[in-house]
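Per-entry structural report
Here is what each chain is made of, one letter per residue.
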Amino acid sequence: MGPKERKETAQREKDAGDEAYGEELYKRAAAHYAAAADLDPGDISCLIKRAKANFSMNKCEECVAYCDEALGRRRRRRDARCGCDEKLAADALFLKALALLNLAVCAADHEPAITALEGSLELRPGSKETRAKLEMAKRNRDAFAEQERLDQEAAKTHRDKGLELLRKKKYKEAEMQFTEAIKRNPRYPKNFSDRARCLIELNSLPKVLEDANRCIELDDTLGMGYLRKGLVQIAMAKYEDAIATLVDGLKHDPQNLSIHNGLRECAARIKMAKDSDAIAKDLTKHQRKIECLHKQLNEGENKASKERSRRMKSEKLVKTLSSQVEQLRSANERNANLERKLSECRERFEQLQSIQNRILQHFTCPISHEVMNDPLMAADGHTYEAKFIRDWFRRGHNTSPITNVELEHKKLLPNHVLRSAIEECKKM
């Protein structure tokens, strides 16, 4: 198809789109305008009409996209400064602004719409409709801003009351105050974190998980969101998920002692679960043996009382029972040995935990294999991961990453105290 034929076909598609739009068949009109835009990319009016059809179907995001595409094509054209083209650009900016105003939910959302209306008015200064819409958009923006200010003040009042009730351990009342604060300011992550803390105490675990996830979604650098989520996962016995969550929290807040304590609690719960499962299985096994023995003994006694001829079988059964009782005694002795070994393991765990505490107090960053194998201490007395502190100096810093005080030198010294604790841990 030649250029002339393409233009003629594009015009027919555009006329069909105008006819469908006049009959309020917006979806069909949008399809005709799309075909026309493909056939004649230089005619940006096809894209603007397609955007208008989408706006009529309340598809505001698509409307904005097509207006932007039309404006982009105009900028790339050489004859973009002709009067007709400026009128189309003004129409595209005006239509884009209408769609953005429909999408606006806060004061900041009005700014792109105001910019588009100002651009449209610059291209078509005499448009009273555009000027009126611009003034309305500014009034709406200011009204939203004032309402947001009032909501933030009210949210702060509810949050302060919630924190005071939380200190008094009135968790239900505190949870209600944080809920009111969230209604006034749903974008403040700490309100979700503090409400999650109340819900933990109220044992409403699914809601805690929702609030913790929302807190992380709003600010993924806030360690308390990961802490709340990790604690509820521990309470739900999802230990692997809890470890992953708490480790993510340490990446953003490595100095948060509560997250470190959460990891320790999770490790202890995992160990307790394994120990209790082993003991429970052993006890269940013995209990079944006991029940089986009682059953066989009762059957033997009944048979012996009914028929003398079955005494021999009963005596044989008694011998069997005696043998099994002996096996049960032996099993009990093994259980006693298991208890002693468990006590020894607990004592060894406490020793390891003591060494671990000595190790952890030297770290200012998450533990890695490199730090464990070669802990280095800077001039500020803090122990760092080697790659981190070397990159710090390589970028030209001469201050401490922790205290921001200028360092006397950039020499890195081995941390012998930490090294000694690590070696002691490995020996155990």
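Cut-offs used in this document
- Residues numbered from 1 in each chain as written.
- Predicted model: local features only at pLDDT ≥ 70, side-chain atom pairs only at ≥ 80, totals over all residues.
- Heavy atoms only, no water.
- Disulfide = S-S within 2.5 Å.
- Buried < 20%, exposed > 50% of the residue type's maximum accessible area, 1.4 Å probe, protein only.
- Helix = DSSP H or I, 4+ residues; strand = E, 2+ residues; numbered from the N terminus.
- Expected span 1.5 Å × (residues − 1).
- Contact = heavy atoms within 4.5 Å.
- UniProt positions renumbered as here; feature names shortened; annotations may be inferred.
- Pairing = 2+ DSSP bridges.
- Salt bridge = Lys/Arg side-chain N within 4 Å of Asp/Glu carboxyl O.

What about the state of the cysteines?
- Tallied over the full model, the rule gives zero disulfides.
- With no disulfide partner, cysteine 67 has as its closest neighbouring cysteine sulfur the one in cysteine 63, 4.3 Å distant.
- The exposure class of cysteine 67 is buried, given its relative accessible area of 0%.

Concerning helix H8 (residues 171–184)
- The first and last C-alpha atoms of H8 sit 20 Å apart over 14 residues, in line with the 20 Å expected at 1.5 Å per residue.
- All buried positions along H8 are accounted for by Tyr171, Ala174, Glu175, Gln177, Phe178, Thr179, Ala181 and Ile182.
- Contacts made by the buried residues of H8 are with helix H7 (128–167) and helix H9 (189–201).

Quick notes on the UniProt feature "repeat: TPR" (unreviewed entry) in the protein
- On the UniProt side, "repeat: TPR" (unreviewed entry) is annotated at positions that read residues 155–188 here.
- As annotated, residues 155–188 has a helix share of 79% and a strand share of 0%, and its two end C-alpha atoms lie 9 Å apart.

Structural notes on the sheet that holds strand E1 (residues 376–377)
- On the basis of which strands lie adjacent, the open sheet formed by three strands has the order E2-E1-E3 and antiparallel pairing. The two strands at the open ends of the sheet, each matched to only one other strand, are strand E2 (383–384) and strand E3 (413–414).

Considerations on the pattern of salt bridges
- Across all of its chains, the model carries 26 salt bridges by this definition.
- Among the ionic pairs, aspartate 18 bridges to lysine 49, the shortest N-O distance being 3.2 Å. Pair noted here: aspartate 18 is in helix H1 (residues 3–22) and lysine 49 is in helix H3 (residues 44–56), with a separation of 31 residues, a long-range link.
- Since its relative accessible area comes to 32%, aspartate 18 is described here as partly exposed.
- For lysine 49, a relative accessible area of 29% corresponds to the partly exposed category.
- Put simply, glutamate 164 and arginine 167 hold a salt bridge, and the shortest N to O gap is 2.8 Å. With glutamate 164 and arginine 167 both in helix H7 and three residues apart, this pair spans about one turn of that helix.
- Taken together, the shared-partner salt bridges connect Lys87, Asp91 and Arg124 into one network.

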